[in-house]
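Chain by chain, the residues run as shown.
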Amino acid sequence: MKKIILTAAILVSSLTVKIASAQISLNINIGSQPEWGPVGYDHADYYYLPDIDAYYDINAHQYVYYDNNVWVHGGVLPPRFGNYDVYHSYKVVVNERNPWVRNDVYKRKYASYRGRHDQVVIRDSRDVKYKNHWVEKKTVRRVDNRRDHDNRDNRHNDRDHRNRH
């Protein structure tokens, strides 16, 4: 009887430990976001681009846009969006799977963001969490050698002048 009670106690305690264990999942994709993405987000799946009513899939590095009654996925935007500037247009972070399925909701909700150009992008941020996006600007030192050349030329001229006399 003692063995049964002991076995039952061990079984119940192992189930309790299993139930009590919590999973903590933190998904950060700062490094995969493009440098033209908006600042302030540790995770983003998609950007909705209100100016052109399209999306950018961050993890697949593809645009998703409506063309001939279907949603097309592509690495670049089609020519009709040729004047679109990803750095200076507004982006809305969307963390929903396949947001284009509910495009009417996003289009209506973010219509007022069309034409806005006041969003800070990752490239222009100096927040340390975006440091992998920073481009180190190398300082180019220009040395003005004109004075040295002028003096050297004068020395040669002086030497030439002395040799002639």
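Please read all numbers here as calculations on a predicted model, not as lab measurements.

Observations regarding the overall build of the protein
Working step 1: A count of helices and strands for the protein gives three helices and five strands.
Working step 2: From first element to last, N terminus to C terminus, the protein shows the α and β order α-β-β-β-β-β-α-α.
Working step 3: Counting only residues that meet the buried cut, the protein has 28% of its 165 residues in that class.
Working step 4: Of the contacts made within the protein by residues no fewer than 6 positions apart, 58% connect residues no fewer than 24 positions apart.
Working step 5: For the protein, the exposed surface amounts to about 12,600 Å²; the carbon and sulfur share of it is 52%.

Brief notes about the confidence of the model for the protein
Working step 1: Mean pLDDT for the protein: 77, with 62% of residues reaching 70 or above.
Working step 2: When the criterion is pLDDT under 50, residues 17-26 qualifies, and its contacts beyond four places in sequence or with other chains add up to zero contacts.
Working step 3: Per-residue pLDDT stays below 50 along residues 148-164; that stretch engages in zero contacts with residues further than four places along the chain or on separate chains.

Some words on the sheet that holds strand β3 (residues 62-67)
Working step 1: Taking strand neighbours across the sheet as the criterion, the five strands line up as β4-β3-β2-β1-β5 in an open arrangement whose pairing is antiparallel. The two strands at the open ends of the sheet, each matched to only one other strand, are β4 (70-74) and β5 (92-94). In this sheet, adjacent strand axes meet at a mean angle of 30° when their direction is disregarded.
Working step 2: Here strand β1 (residues 46-49) pairs with β5 via three bridges, running antiparallel.

Details of the packing of aromatic side chains
Working step 1: Taken as a whole and assessed by the stated rule, the structure comprises 17 aromatic pairs.
Working step 2: Note on Trp36 and Tyr63: the rings are 6.3 Å apart at their centroids and 5° apart in plane angle, and the pair reads as stacked. With a gap of 27 residues between them, Trp36 in the loop between α1 (2-20) and β1 and Tyr63 in strand β3 connect regions that are remote in the sequence.
Working step 3: Residue classification places Tyr63 among the buried residues on the basis of a relative accessible area of 10%.
Working step 4: Ring centres of Tyr55 and Tyr106 lie 6.3 Å apart, and the angle between their planes is 85°; on these two criteria the pair is classed as edge-to-face.

Digging into the environment of Tyr65
Working step 1: Mapped onto the fold, Tyr65 is located in strand β3.
Working step 2: Overall, the relative accessible area of 9% leaves Tyr65 in the buried class.
Working step 3: Measuring from C-alpha to C-alpha, the distance between Tyr65 and Asp53 comes to 7.3 Å, with 12 residues separating the pair along the chain.
Working step 4: For Tyr65, the contacting residues outside a window of four places in its chain are Ala54, Val70, Trp71, Val72, Val76, Leu77, Pro78, Arg80 and Phe81.

Comments concerning the pattern of salt bridges
Working step 1: One pass over the structure, following the stated rule, counts five salt bridges.
Working step 2: As a salt-bridge pair, Arg116 and Asp118 come within 3.1 Å of each other at their nearest N and O atoms.
Working step 3: On the accessibility criterion, Arg116 (30% relative accessible area) is partly exposed.

Rules of the game
- Residues numbered from 1 in each chain as written.
- Predicted model: local features only at pLDDT ≥ 70, side-chain atom pairs only at ≥ 80, totals over all residues.
- Heavy atoms only, no water.
- Helix = DSSP H or I, 4+ residues; strand = E, 2+ residues; numbered from the N terminus.
- Buried < 20%, exposed > 50% of the residue type's maximum accessible area, 1.4 Å probe, protein only.
- Contact = heavy atoms within 4.5 Å.
- Areas by Shrake-Rupley, 256 points an atom, 1.4 Å probe, with all protein chains shown as cover.
- pLDDT = per-residue confidence, 0-100.
- Pairing = 2+ DSSP bridges.
- Axes fitted to C-alpha atoms, helices over the stretch in contact; angles between N-to-C directions.
- Phe/Tyr/Trp six-rings, centres within 6.5 Å; stacked < 30°, edge-to-face > 60°.
- Salt bridge = Lys/Arg side-chain N within 4 Å of Asp/Glu carboxyl O.

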